[in-house]
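Coordinates in review
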Amino acid sequence: MISQFFVLSQRGDNIVFRDYRSEVAKGSAEIFFRKVKFWKEDGQEEAPPVFNVDGVNYFHVKVVGLLFVATTRVNVSPSLVLELLQRIARVIKDYLGVLSEDSLRKNFVLVYELLDEVIDFGYVQTTSTEVLKSYVFNEPIVIDAARLQPLGPAAIFMQGTTKRMPGTAVTKSVVANEPGGRKREEIFVDIIEKISVTFSSSGIY
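Not measured: the values here are computed from a predicted model. (Residues numbered from 1 in each chain as written. Predicted model: local features only at pLDDT ≥ 70, side-chain atom pairs only at ≥ 80, totals over all residues. Heavy atoms only, no water.)

Let's shift gears to the pattern of salt bridges. Taken as a whole and judged by the stated rule, the model has ten salt bridges. The partner of E101 in a salt bridge is R11, with the nearest N and O atoms 2.8 Å apart. Here E101, found in helix α3 (residues 101–106), pairs with R11, found in the loop between β1 (4–8) and β2 (14–19); they are 90 residues apart in sequence, far enough to count as distant. One salt bridge in this structure joins E83 and R87, with 3.0 Å as the shortest N-O distance. In this pair, E83 and R87 both sit in helix α2 (residues 78–96), four residues apart, roughly one turn of the helix. When salt bridges that share partners are traced, they join R11, D13, E101 and R105 into one network. (Salt bridge = Lys/Arg side-chain N within 4 Å of Asp/Glu carboxyl O. Helix = DSSP H or I, 4+ residues; strand = E, 2+ residues; numbered from the N terminus.)

Laid out in structure tokens, this is it:
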């Protein structure tokens, strides 16, 4: 269903990229960003959530300044793919606590592990955070939400104004251990058994 999934920053930097089916060219992220940035079709100033370029369907949603994008060459339900992108963003936010370019870069191993569990060969497996807890064991590197810079050019007009601290429940990872708090009491052990057997020509051992 989905050929590629990637996340771009506001500058067009490729933060996360996963190619599931090798059906679309590797330069699709650059093609997408150039098309979105200089969109002038149908009298619109902003690109629609779904469009086609050279036989490739591009689906995208914008979440906190990040572009979550999926590509495919087949005809799929646009609402299904757009909902999937929103759910992937929500799952990543649940695990990282804060969804930002900085948190994605510092937790890229965890993000790729999540993507491999959510989508397999382009087909959706699950988007439930509770289900993923049974398969994803990496701990996130928690980013302090108070250090995040406001997004967009309007941030320069906010200097000197009173800042409100976000609630901890909003920016808290669902899997991260709190400093000094109770940790998950789990142990993972790999057991390897070796058996040596000698058979005679008659089959007796």
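A contiguous nonpolar patch, built from I195, V197 and F199 and spanning about 350 Å² of accessible area, is present on the exposed surface. Here V197 lies in the segment after α5 (129–132). V197 gets classed as partly exposed once you look at its relative accessible area, which sits at 46%. (Patch = residues over 30% accessible without salt bridge, like charges linked within 9 Å, V, L, I, M, F, W, Y side chains within 5 Å. Areas by Shrake-Rupley, 256 points an atom, 1.4 Å probe, with all protein chains shown as cover. Buried < 20%, exposed > 50% of the residue type's maximum accessible area, 1.4 Å probe, protein only.)

Our next topic: the confidence of the model for the chain. When pLDDT is averaged across the chain, the result is 81; 76% of the residues are at 70 or more. Contacts for the low-pLDDT stretch residues 150–170, under 50 throughout, to residues beyond four places or in other chains number ten contacts. Contacts from residues 178–182, a stretch scored under 50 in pLDDT, to residues over four places away or in other chains number two contacts. (pLDDT = per-residue confidence, 0-100. Contact = heavy atoms within 4.5 Å.)

Before going further, it helps to examine the environment of Y112. For Y112, the position within the fold is in helix α4 (residues 108–118). Looking at Y112, the relative accessible area reads 21%, which means it is partly exposed.

Backbone geometry places D54, a non-glycine residue, at a positive phi of 55 degrees. Note that D54 resides in the loop between β3 (50–53) and β4 (56–63). For F121, which is not glycine, the phi torsion reads 55 degrees and is therefore positive. Tracing the backbone through its elements, the reader meets F121 in the loop between β6 (119–120) and β7 (123–124).

With that settled, consider the pairing of β1. Looking down a regular strand, the side chains alternate between one sheet face and the other. Most of β1 is tucked away: five of the five residues are buried. The two faces of β1 match: Q4, F6 and L8 on one face and F5 and V7 on the other face are all buried. Bridge analysis of β1 against β2 gives five bridges, and the strand direction is antiparallel. Across the sheet, F6 pairs through a bridge with F17, a residue of β2. Where β1 folds back on β2, the antiparallel hairpin that results is connected by five residues, among which G12 adopts a positive phi of roughly 95 degrees. With five bridges joining them, β1 and strand β5 (residues 66–72) adopt antiparallel strand pairing. Bridge pairing in β5 places V7 opposite F68. (Pairing = 2+ DSSP bridges.)

Below, the discussion takes up the packing of aromatic side chains. For the structure on display, the rule yields seven aromatic pairs. When the centroid spacing of 5.8 Å and the interplanar angle of 20 degrees are considered together, the rings of F6 and F17 count as stacked. Of the two residues, F6 sits in strand β1 while F17 sits in strand β2, which places them eleven residues apart along the sequence. Of the two residues, F6 and F17, both sit in the buried class. With centroids separated by 5.9 Å and ring planes inclined at 25 degrees, the aromatic side chains of F32 and Y58 adopt a geometry described as stacked. Taken as a pair, F32 in helix α1 (residues 28–37) and Y58 in strand β4 lie far apart in primary sequence, 26 residues in all. (Phe/Tyr/Trp six-rings, centres within 6.5 Å; stacked < 30°, edge-to-face > 60°.)

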